[in-house]
Amino acid sequence: MIDTRRLRDGDPEYFATLIREHGRVVKAVCLSFAESQDDVDDLLQEVWTLIYQKRRTHRGEGSFAAWAHRVAKRHCIDVYRKRTSERSGLEWFVRNGGATDIHGKDPTPGEEMDRREAERTIWEALDALPEKQREAIVLRLIEGRSPAQVSHQMKIDKVSVRSNISRGIKRMRSIIG
Amino acid sequence: MKNGTHCPSTDELIGYAGSRDEDREVEEHLRGCDECAAELSILVTLAGDGSGEREVSEAMISRIVAGLPGPGTARQPGPVTRLQLLLSWGLGFLTGLSSAAAVGSLSDIGPGRVLLLAAVFGLLCVLFGPGQTGRVRPAYRGLAGAGSRE
C-alpha cells in the first residue's frame, strides 16, 4: 500500500522505495521506446522526475504502479512522436548504426523496428483498458506479484483478479486486432 | 477448441510463458491457434523475458533521486509562448506609456521621450518583472534555452 502522505511530501527516501518496488513497470515501457541503453537511462530519469512532480495528482485510490505506467507511457509516446516527426525511421537506424542491442539479441533493423512497434501497440492497448483490468494486469504480469498479493492490493477476490486479467488480455487482443 | 485441443486459459498461458517448461500440448496448440499465439505474445511482452533487464539498479535509483527537484517543487509550467511575451511587453508598454504621460503632463517632457520611456519600461517588464503571467522571466529563459538547443 502506498503511504500517500510521504508521497505527497516528496520524501526522497520513500520515493527511492517506490522506484525499487515499481521500477519494472516504468522501465518496461522505457525499454520499448528507447533507442539505446543511454536513452533508457535518460527516459527513466525523465519519467521518474515527472512522476515526482505529478505526485500530488495521484489520488491514492488506484494502484501506484498502474498510475506510474500511464505517466510513463504518455511521456514516452510524446518523446517518440517528437522524434519520429523529426526524422524518418530509416535515418534513425542509420544514425544508430543499424540494430541496437539493448535487448541482448541481434535482430535485423527491420525486425527490431517491427518488434518495437508491436510492443508500443501493446502498451497503448493496455492504457486503453478499464482501470480494474489494467491494474490487475500491471500488478500480476508486469510487476510479477502473486494472485494473492494482487487480490490483497486491489481488495477483490482471486477469482476476480483472474477474470480481470483474462478479460483485459482478450480486450487488448481485440484492440490490437 | 482449435487444432484438436482446447484453448488454454489465460492463467495457463501465463504459467506457460513464465515457467519456460516444455509443454507439448500447449506448444502444439499454439502452432495451430493464431488467437492463443497472439495472446501469448501480449503476455510475454507484458511480463518480460525474465532476464532482469527490467530491474532498476541501485546506482540508477540513486541517480534518479539525486536529480529530483526539491520536495516543495510542483511541476514547472511550460515555456511561455512568444505571443504571451509580446502581450507582457505590450502591457508593460501601456503601463509605462500612461505613467510617462502622467509624469510628462506634470514635468512637460516631449512625446518622443514618453514613448521611449514606455518602451524601456515594457522591456524591463519582460526581462525582470512579474508581467502578465507572473512567470515572464523564467519564460524568457525558457525561450532562450530552446533557441540555443536548436
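Residues numbered from 1 in each chain as written. Chains lettered and ligands numbered in written order. Predicted model: local features only at pLDDT ≥ 70, side-chain atom pairs only at ≥ 80, totals over all residues.

Examining the interface of chain A and chain B
Quick note on the threshold: Note on contacts: each residue gets a C-beta atom placed from the backbone, and two residues are in contact if those atoms are within 7 Å. Helix numbering and strand numbering both begin at the N terminus, where a helix is a DSSP run of H or I of at least 4 residues and a strand a DSSP run of E of at least 2. Under the grouping applied here, Gly and all other residues not named as nonpolar or charged are polar, the nonpolar ones being Ala, Val, Leu, Ile, Met, Phe, Trp, Tyr, Cys and Pro and the charged ones Asp, Glu, Lys and Arg.
Across the boundary between the two partners, chain A contributes 33 residues, which contact 28 residues of chain B. If you list the elements that add at least two residues to the side of chain A that touches chain B, you get helix H2 (12-33), helix H3 (37-53), helix H6 (109-127), helix H7 (131-142) and helix H9 (158-176) of chain A. A per-element tally of the side of chain A that touches chain B places H2 of chain A first, with ten residues. Residues belonging to the side of chain A that touches chain B are distributed by class as follows: 16 nonpolar, eight polar and nine charged.

Here we look at unusual backbone geometry
Residue and element names in this part refer to chain A. Our working definition: Labels follow a simple rule on C-beta atoms placed from the backbone: if 20 or more others lie within 10 Å of a residue's own, it is buried; if 12 or fewer, it is exposed; otherwise it is partly exposed.
With phi around 60 degrees, Lys155 is a residue other than glycine that occupies positive phi space. Examined against the element boundaries, Lys155 turns out to sit in the loop between helix H8 (147-154) and H9. Among the residues examined, Lys155 registers 7 C-beta atoms within 10 Å and is labelled exposed.

Quick look at helix H2 (residues 24-32) of chain B
All names here are of chain B. For clarity, the threshold we go by: As used here, the arc belongs to the directions running from the helix axis to the C-beta atoms.
When H2 is considered as a whole, its buried residues turn out to be Val26, His29 and Leu30. For H2, the buried positions fall inside an angular range of 100 degrees around the axis, keeping them on one side. Residues Arg24, Glu27, Arg31 and Gly32 are exposed on H2 and point more than 90 degrees away from its buried face.

Digging into the nonpolar core
Applicable threshold: One nonpolar core equals one set of buried Ala, Val, Leu, Ile, Met, Phe, Trp, Tyr and Cys residues connected by C-beta atoms within 7 Å.
Grouped together as the largest cluster of nonpolar side chains are 52 residues, with contacts concentrated most on Val26, Cys30, Val47, Trp48 and Ala68 of chain A together with Leu43 and Leu46 of chain B. Apart from residues lying up to four places away in sequence, Leu43 of chain B is in contact with Leu141 and Ile169 of chain A together with Leu13, Ile14 and Ala17 of chain B. Core analysis: the second largest hydrophobic core is formed by five residues, Phe93, Ala100, Val114 and Ala118 of chain B among them.

Observations regarding the packing of H7 of chain A against H9 of chain A
Residues and elements named next belong to chain A. What counts is decided by this rule: Orientation is described by lines fitted to C-alpha atoms, with helices fitted over the stretch in contact, and by angles between N-to-C directions that extend from 0 to 180 degrees. In these notes the angle categories are as follows: under 35 degrees is roughly parallel, over 145 is roughly antiparallel, 65 to 115 is roughly perpendicular, and the rest is oblique.
One can describe the packing of H7 onto H9 by two numbers: an axis separation of 8 Å at closest approach and a directional angle of 100 degrees. Taken together, H7 and H9 sit at an angle that is classed as roughly perpendicular. In this structure, H7 uses Lys132, Gln133, Arg134, Ala136, Ile137 and Arg140 to contact H9, whose residues at the interface are Val161, Asn164, Ile165, Arg167, Gly168 and Arg171. Tallied by class, residues from the contact of H7 with H9 come to four nonpolar, three polar and five charged.

Quick look at the packing of H7 of chain A against H8 of chain A
Residue and element names in this part refer to chain A. For clarity, the threshold we go by: Crossings are classed by handedness, with left-handed meaning an anticlockwise turn of the near helix from the far one by less than a right angle and right-handed meaning a clockwise turn.
Running from N to C, H7 and H8 point in directions that differ by 140 degrees, and their axes come no closer than 9 Å. With respect to H8, the axis of H7 lies oblique. Of the two possible hands of crossing, H7 and H8 adopt the one that is right-handed. Contacts between H7 and H8 involve Glu135, Ala136, Leu139 and Arg140 on the former and, on the latter, Pro147, Val150, Gln153 and Met154. Here the residues of the contact of H7 with H8 sort into five nonpolar, one polar and two charged.

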